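Commentary on secondary and tertiary structure
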Amino acid sequence: MYRVFKAVCDFIIAFFGIIILFPLFIFVGLLVAIDSRGPVIFKQERVGKNQKIFKMYKFRTMKTIDVPFDINHPVIRNDNANLTRVGKWIRRFKIDEFLQLFNVLRGDMSLIGPRPLKVEYLEHYEPWELQKFDVRPGMSGLAQVRGNGHLSSKERSYYDVEYAKTRSLKLDAEILFKTVLVLLGGEDRFIRHVSEKNMRRMVVSYIREENDMAKETAAPSTRKK
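Let me begin by describing the structure that accompanies this report.

Scoring rules and cut-offs
Residues numbered from 1 in each chain as written. Predicted model: local features only at pLDDT ≥ 70, side-chain atom pairs only at ≥ 80, totals over all residues. Heavy atoms only, no water. Helix = DSSP H or I, 4+ residues; strand = E, 2+ residues; numbered from the N terminus. Rg over C-alpha atoms; globule rule 2.2 N^0.38 Å. Buried < 20%, exposed > 50% of the residue type's maximum accessible area, 1.4 Å probe, protein only. Contact = heavy atoms within 4.5 Å. Areas by Shrake-Rupley, 256 points an atom, 1.4 Å probe, with all protein chains shown as cover. Lys, Arg positive; Asp, Glu negative; His and termini not counted. Charge placed at Lys NZ, Arg CZ, Asp CG, Glu CD. Pairing = 2+ DSSP bridges. Polar contact = N/O pair within 3.5 Å; in protein donor to acceptor, adjacent residues only side chain to side chain. Salt bridge = Lys/Arg side-chain N within 4 Å of Asp/Glu carboxyl O. Patch = residues over 30% accessible without salt bridge, like charges linked within 9 Å, V, L, I, M, F, W, Y side chains within 5 Å.

What follows is about the overall build of the protein. Looking only at helices and strands, the protein features 6 helices and 4 strands. Starting at the N terminus and walking to the C terminus, you meet the elements of the protein as α-β-β-α-α-β-β-α-α-α. Computed over the C-alpha atoms, the radius of gyration of the protein is 19 Å, within 12% of the 17 Å expected from 2.2 N^0.38 for a compact globule of 225 residues. Overall, the protein is about 70 × 35 × 30 Å in size when its C-alpha atoms are taken along their principal axes. Relative to its 225 residues, the protein shows a buried fraction of 42%. Long-range contacts, defined as pairs at least 24 residues apart, comprise 71% of the intrachain contacts of the protein with a sequence gap of at least 6. Taken as a whole, the protein presents about 13,300 Å² of accessible surface, with 60% of it coming from carbon and sulfur. Across the protein, 39 positive and 26 negative side-chain charges occur, with their mean positions spaced 3 Å apart.

Written out as structure tokens, the structure reads:
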């Protein structure tokens, strides 16, 4: 029931959101085009549900898209020298992300879910982190309202997996509300780091679940013998 209701809400909100925000898209697109050379819309391959690759849309905020890969800092800070003047402004209020409503409409993303990262990150994930791909990625997620760029990659994965395992309408509504607060107040006011104890607990829980699944798989073959 939850999944169906969420999918319907995603489609309806994305559809009407695009219509309502279309004048803003035109205005921001003109600002980006006037401010610096390059494409107005930035498209990049990201990893979605079940590790399916899709193209995510954003307004371009960088002078060059050739940004070095950094496993420890996936989020570009607002003081990055590669940001354009308009880019700094629209990133502060996440306006560059609004184009992802088209990704939501296509079914690649959801309004709420783990933020999709670049394909290069896949080979660096530990097995427990791959649980984040059990759900559609989102425009905002648990990690984004608990520090986002101020968190380490492992902390972000912790919150992504926590969301994937405990998602509900109540949690989605809470994240949506806190996303508005983050936009108004800034990410640094909502930082919640993950303790080593909780991180270990997450890893141990994953190992136990994998062992239980392995035992269940092996049980039928044992009975046949």
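As judged from the 7 bridges shared by strand 1 (residues 41-47) and strand 2 (residues 53-59), these two strands associate in the antiparallel manner. Paired with Arg46 across the strands is Phe54, a residue of strand 2. Counting the residues between successive antiparallel strands, the hairpin from strand 1 to strand 2 contains 5 residues, one of them, Asn50, with a positive phi of roughly 60°.

Before going further, it helps to spend a moment on the side chain of Glu97. Along the chain, Glu97 falls in the loop between helix 2 (85-92) and helix 3 (101-106). Within the structure, the side chain of Glu97 is placed 2.4 Å from the side chain of Gln100, a separation counted as a polar contact. Apart from residues lying up to four places away in sequence, Glu97 is in contact with Lys58, Arg115 and Met139.

This brings us to the pattern of salt bridges. What the rule picks out here adds up to 13 salt bridges. A salt bridge links Lys58 to Glu97, with the shortest nitrogen-to-oxygen separation between them at 3.6 Å. Taken as a pair, Lys58 in strand 2 and Glu97 in the loop between helix 2 and helix 3 lie far apart in primary sequence, 39 residues in all. For the residue pair Lys58 and Glu97, the accessibility class agrees, reading buried in each case. In this structure, Arg200 engages Glu196 in a salt bridge whose closest nitrogen and oxygen atoms are separated by 3.9 Å. With Arg200 and Glu196 both in helix 6 (residues 196-224), this residue pair falls 4 residues apart, about one helical turn. Look at Arg200 and you get exposed, because its relative accessible area is 51%.

Secondary-structure assignment places Ala218 in helix 6. Along the backbone, Ala218 and Val161 are 57 residues apart, and their C-alpha atoms lie at a distance of 26 Å.

Taken together, the side chains of Arg3, Lys49, Lys52 and Arg136 make up a positively charged region of the molecular surface. By relative accessible area, which is 38% here, Arg136 ends up partly exposed.

So, on to the side chain of Arg91. Note on placement: Arg91 falls in helix 2. No salt bridge forms around the buried Arg91; measuring N to O, its nearest opposite-charge neighbour Asp96 is 4.1 Å away. A polar side-chain atom of Arg91 sits 3.4 Å from a polar atom in the side chain of Thr61.

Interpretation note: all reported values are geometric properties and have no functional meaning in isolation.
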